[in-house]
Amino acid sequence: MNGFLNQVASHLLKIHSDKLSQLTLVFPNRRGGVFFTNYLNALISTPLISPAIITINELFSELSPLHVPDRLSLIFRLYEVYHKSTGSKELFDDFYFWGEMLVSDFDQVDKYLVNAHDLFTNVTDLKEIDARFSELPEDERDQLGNFWRTLSNKEKTPNQQEFVRLWEDLNGVYNQFKTSLICEGLAYEGMLYREVVDNLSKNSSLLGEEKQYVFIGFNALNRCEEELFEFLQNRGKTHFYWDFDDYYLDDQTQEAGYFLRKNLIRFPNSNYSTEFKSLTSSTKYLKIVNIASQVGQVQVAANELISLDSGRLNFDETAVVLCDEELLLPMINALPDDSNKVNITMGYPLKMTPVFSLVTQLIALQKNIRQDSGEMTFYNKDVMRVLNHQLVTDFEPLASKELINSVLKNNIIYLSEKELSRNSFFRQLFCVPQGIPGLTDYFLGIIKIIFTHWQLKNGNQNGSQGDSQTEQVFDENSSIYCEYLFQSYLAVNRLKDILVNDGARVFESDNFISKEAFFRFLIQYLSGLAIPFEGEPLEGLQIMGILETRTLDFQNLIILSVNDGIMPRISSTGSFIPYNLRKVFGLPTIEEQNAMYAYYFYRLIQRAENVTFVYDSGANGMFTGEKSRYLYQLLLESPFEIAETNFIFNVEQISVQPIQIEKSPGVMSKLNDYLNGIRPLSPSAIDKYLTCSLQFYFRYSAGLDEPEEISEEVDAKIFGLLFHDAMERIYQPFIGKIVKNEDIETILNDQEYLHEIINASFLKVYFKGIKSSEQTSLKGRNWLIFEIVKKYISQLLEVDQKRTPFEIRGLEKKVNSMIGINDLKQNVFIGGTIDRIERIDNCIYILDYKTGKTDLNFPVMMSLFDRENKTRNKAAFQTMVYSYILHKNEPEVTGIYPGIYSLRGIFEQDFDASIRSKEIGVNALEFVSVSDQFERYFRKLLEEIFNLDIPFQQTTNKESCKYCPYRQICRK
């Protein structure tokens with residue numbers, strides 16, 4: 001392949017070999033100059049003084065004394081002018097977006113040498129239009145008149161009114177903006193271009209007497225560039241090398257040749273012979289691949305690179321072109337292992353990086369700070385997000401985990417600075433900066449700390465021995481993270497200069513924008529930035545955006561995101577100048593943008609031998625998944641034979657396979673603790689086995705605990721714990737004593753005492769011992785829960801009052817016993833906590849509190865052990881197990897009555913907590929009389945749990961899976 005730049009280098013060397021040093025070669029971008037230099041060096045056999053190689057922007061900059069500051073500085077200076085000129089009270093963060101559009105519009109006005117006074121004038125009188133714009137064609141004067149007459153109607157929409165008001169201010173703002181910049185020796189790019197063109201004759205000496213200018217590979221020219229080209233052409237000081245193909249140049253309907261058809265007439269090609277029919281005359285293999293995934297495109301590219309042996313490539317052999325820059329990181333991560341030399345020539349959006357997500361989380365953290373008891377506190381969800389962020393966990397993995405566990409364990413809703421100050425890094429993260437200067441320093445400090453950390457990791461990696469793939473990936477990731485952080489630091493620091501230093505100077509205040517406005521602006525500003533990636537341009541695989549391909553040729557091309565709406569973009573850059581006015585005044589419109597990208601597309605492929613186009617065919621929202629119009633043009637208009645391939649994801653639902661866990665020695669290792677007396681098997685665990693033996697395995701053998709979560713409001717589980725704790729506190733003084741009617745009456749009449757009891761329970765159960773009165777104050781829904789708990793307790797005390805006198809034998813009492821199974825060859829240690837044990841006369845009552853819906857009846861004993869029974873009485877089963885343990889421990893007791901205090905039933909008249917079974921009639925069930933029957937079923941169940949031949953299996957009852965914490969594992 002003989003590329004364009006190589007041809008130009010050969011021609012220039014041939015005709016200017018003795019005076020190359022007098023040439024100044026001008027390229028559209030720097031990359032073209034770098035490639036050209038390499039081609040020229042390869043042709044030279046003897047030492048020569050190299051020609052000057054610059055970009056068009058650098059040429060204009062050399063011809064002007066003005067300096068172009070960064071974009072943020074320009075927008076701030078425009079805001080200053082706009083603020084003074086119009087008296088607007090608009091905040092800077094609100095102004096920034098459309099201020100950026102204004103700078104772009106002013107830039108184009110100057111680059112295209114438009115008379116700003118004529119453009120920014122509201123002209124509605126037809127005669128005035130004819131007089132002032134007589135040089136315009138009649139149809140364009142009509143367009144101008146129609147546009148302004150439309151806006152002159154008395155009934156304008158609010159948007160039209162605002163547009164007219166702003167438009168009438170723009171000419172003054174434009175002139176004052178330029179004046180203020182000139183005073184500082186500054187300019188935006190278009191202003192600098194115009195200054196150069198306006199003073200070409202006066203400053204012609206800057207162009208040099210002996211210098212010859214060679215313009216290489218240009219396409220769309222603005223008016224300033226045309227004027228400069230013409231000025232140099234008239235003095236015989238210039239040569240032009242245009243890159244094109246007859247395929248799209250000769251066809252008047254081909255938009256790719258739109259600009260070149262005019263340029264070649266006005267600035268003819270230098271006298272050299274190049275290949276103008278490469279597109280159709282050379283052998284090409286073109287392939288279109290569609291895949292219904294944006295990120296899936298990089299896998300297609302990776303497969304293509306493997307077939308090209310991307311580990312050993314010349315710099316101009318293969319390129320991956322990303323029409324969508326968001327695919328850069330996925331593409332880097334998908335590169336084949338042997339891709340040792342990779343050069344990236346494009347920017348990556350900062351908003352797609354971990355640094356940006358951390359900044360947004362820190363903003364949320366700062367916005368939700370609240371004051372409690374005189375100190376500032378942070379909301380737990382914001383704290384958890386920050387602690388879980390990859391940049392934070394990488395820096396402080398153990399401290400982050402410990403703090404997260406502490407917050408979860410103690411159910412802390414708001415955390416103070418003191419509670420979060422576990423190390424210097426956390427003190428930087430969780431502090432309360434003052435004012436805008438403090439906020440900028442806050443973000444700068446955090447980014448600097450993390451950057452230093454990654455720099456050290458990168459340095460340690462570079463200094464270590466070893467060349468494993470893991471080390472290489474680690475090193476690359478460290479470098480990328482360092483670049484993210486470094487560019488973010490520069491951006492925030494520049495923001496500080498503008499908002500703090502310049503803001504204080506101009507508006508005489510350190511806080512000329514509010515804290516909320518600063519946060520909005522910070523996100524807006526960082527969202528618009530791109531991180532520049534640069535590497536060795538003359539080695540290996542090239543990864544670049546479509547604009548970086550100008551003047552370059554590659555043998556193999558893989559072009560991603562060749563979708564309509566991306567290549568080319570659906571709409572032009574935002575502008576205040578309406579389409580009709582742009583058309584009349586010769587400013588670029590969407591048609592010119594499409595023609596420009598069409599040229600990039602066709603020029604790129606005209607000399608390539610193998611081209612793979614990849615597009616995302618998946619529809620998502622406004623994105624239709626349509627291939628680019630350029631691909632349709634190739635398919636329908638070109639003579640090429642193009643292969644089309646569809647990558648289809650098989651999204652058929654895979655049938656859920658039942659999970660079965662055999663009772664291997666490893667599986668039974670933890671369960672053997674129940675046989676060795678190390679820990680008791682609780683009634684709730686046994687009931688869980690009946691509900692689903694696989695759930696039992698996950699929890700008690702595999703040790704998969706349910707994840708802890710912070711409860712900001714009292715949920716059902718916490719409600720139950722609150723009630724249990726409060727009842728224990730109420731009856732604690734009566735353990736071993738007789739509770740009489742008057743005792744309960746005294747408690748019911750002492751509302752302050754009940755209030756203290758429930759408050760203490762909230763402090764222990766919900767607030768986990770927090771002592772701050774402000775943090776433990778009950779508000780909103782939790783205050784209502786407090787009142788409900790109080791109501792339930794009062795009602796239960798009234799029920800108890802009817803049962804007096806009774807003796808309290810135990811509260812939340814732990815009981816256990818060894819149960820022999822398999823003909824007493826094994827003993828199972830079972831035990832649990834009984835809510836309340838009472839004695840009335842010579843009978844023992846086992847009482848269990850249940851806050852949910854509970855049935856006090858069951859049909860037959862076997863039904864308690866029937867796992868297929870959807871209405872199995874779980875509460876009765878657990879209470880019966882407690883009764884069984886007590887009976888084993890105290891066989892002399894002849895009357896044991898299990899009962900359930902169902903809080904939903906205690907308000908019924910004549911409520912009775914006794915359990916009943918249809919087998920024994922309407923009387924309350926006395927356990928001793930049915931203990932033998934219960935024991936047979938119970939021993940059989942325990943034997944099944946520890947039977948090595950019976951695996952743990954999923955339940956067939958789908959209702960049991962609804963609220964199971966392990967349902968995702970089972971895919972139910």
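Above this text you will find the structure in question.
Structural notes, computed from the coordinates. These numbers were taken from a predicted model, which means no experiment stands behind them.

Another point: the overall build of the protein. Scanning the protein from terminus to terminus reveals 38 helices and 24 strands. Every one of the 972 residues in the protein was classed for burial, and the buried ones make up 52%. Element-wise, carbon and sulfur atoms account for 48% of the exposed surface of the protein, whose accessible area totals about 45300 Å².

Here helix H28 (residues 629–637) has its buried residues at Tyr 630, Leu 631, Gln 633 and Leu 634. Here the buried residues of H28 occupy an arc of 155° about the axis, which is enough to place them on one side. Where the residues of H28 are buried, they touch strand E5 (285–291), helix H27 (590–605), strand E14 (610–616) and strand E15 (642–647). Sitting at the head of H28, Ser 628 places a side-chain oxygen 3.1 Å from the backbone nitrogen of Tyr 630.

A cis geometry characterises the amide bond from Met 567 onward to Pro 568, with omega recorded as 0°. Relative to the elements of secondary structure, Pro 568 occurs in the loop between strand E13 (556–560) and helix H26 (579–585). Residue Pro 805 is reached from Thr 804 by a cis peptide bond, and omega for that bond is 0°. You can see Pro 805 is positioned in the loop between helix H35 (781–803) and strand E18 (806–821). In this structure, Asn 822 takes a positive phi of about 55° despite not being glycine. Along the polypeptide, Asn 822 turns up in the loop between E18 and strand E19 (826–840). The class for Asn 822 is partly exposed, based on a relative accessible area of 27%.

Spatial ordering of the open sheet is given by E8-E9-E10, a layout of three strands whose pairing is antiparallel. Two strands in the sheet have a free side with no partner beyond their single neighbour: strand E8 (370–372) and strand E10 (414–416). Neighbour-to-neighbour, the strand axes of the sheet open up by a mean angle of 50°, direction not taken into account. In the packing of helix H18 (residues 380–388) onto the sheet, the strands contacted are strand E9 (375–379) and E10, and the crossing angle to E9 comes to about 65°.

In globular proteins that are soluble, nonpolar side chains generally tend to be buried together. Counting 208 residues, the largest nonpolar core has Phe 92 and Phe 613 as its most contacted members. In terms of residue count, the dominant contributor to this core is helix H24 (residues 469–507) (eleven residues). By size, the runner-up hydrophobic cluster in this structure holds 101 residues, among which are Tyr 379, Ala 685, Leu 690 and Phe 762.

Counting across every chain of the model gives 40 salt bridges. Here Lys 850 makes a salt bridge to Asp 848, at a shortest N to O gap of 3.4 Å. For the pair Lys 850 and Asp 848, a shared accessibility class is recorded, and that class is buried. Counted as one network, the salt bridges with shared partners bring together Arg 223, Glu 226, Glu 227, Glu 230 and Arg 266.

Okay, the sheet that holds strand E2 (residues 52–55) next. Read from one edge to the other, the open sheet built from four strands follows the order E2-E1-E3-E4, with strand pairing classed as parallel. Unpaired on one side and paired on the other, E2 and strand E4 (238–241) mark the two borders of the sheet. Mean inter-strand twist for the sheet, computed between neighbouring axes without regard to direction, equals 20°. The pairing of strand E1 (residues 23–27) with E2 spans four bridges and is parallel. Across the sheet, the residue bridging to Leu 25 is Ile 53, located in E2. Sheet strands in contact with helix H11 (residues 223–234) are strand E3 (212–216) and E4, and its direction is about 125° off that of E4.

The next thing to look at is the side chain of Gln 633. Its location among the elements puts Gln 633 in helix H28. For Gln 633, a relative accessible area of 15% corresponds to the buried category. Excluding residues within four positions of it along the chain, Gln 633 makes contact with Gln 254, Glu 255, Tyr 602 and Ser 638.

A few words on the packing of helix H4 (residues 71–86) against helix H5 (residues 92–111). How two helices pack is summed up by the angle between their axes together with the distance between the axes. At a minimum axis distance of 9 Å, the contact between H4 and H5 shows a crossing angle of 105°. Comparing the axis directions of H4 and H5 gives the class roughly perpendicular. In this structure, H4 uses Arg 71, Leu 72, Leu 74, Ile 75, Phe 76, Leu 78, Tyr 79 and Tyr 82 to contact H5, whose residues at the interface are Phe 92, Phe 95, Tyr 96, Trp 98, Gly 99, Glu 100, Leu 102, Val 103, Ser 104 and Phe 106. Classifying every residue of the contact of H4 with H5 gives 14 nonpolar, two polar and two charged.

Criteria and cut-off values
- Residues numbered from 1 in each chain as written.
- Predicted model: local features only at pLDDT ≥ 70, side-chain atom pairs only at ≥ 80, totals over all residues.
- Heavy atoms only, no water.
- Helix = DSSP H or I, 4+ residues; strand = E, 2+ residues; numbered from the N terminus.
- Buried < 20%, exposed > 50% of the residue type's maximum accessible area, 1.4 Å probe, protein only.
- Areas by Shrake-Rupley, 256 points an atom, 1.4 Å probe, with all protein chains shown as cover.
- Arc of directions from axis to C-beta.
- Contact = heavy atoms within 4.5 Å.
- Polar contact = N/O pair within 3.5 Å; in protein donor to acceptor, adjacent residues only side chain to side chain.
- Pairing = 2+ DSSP bridges.
- Axes fitted to C-alpha atoms, helices over the stretch in contact; angles between N-to-C directions.
- Core = buried A, V, L, I, M, F, W, Y, C linked by side-chain atoms within 4.5 Å.
- Salt bridge = Lys/Arg side-chain N within 4 Å of Asp/Glu carboxyl O.
- Parallel < 35°, antiparallel > 145°, perpendicular 65-115°, else oblique.
- Nonpolar A, V, L, I, M, F, W, Y, C, P; charged D, E, K, R; others polar.

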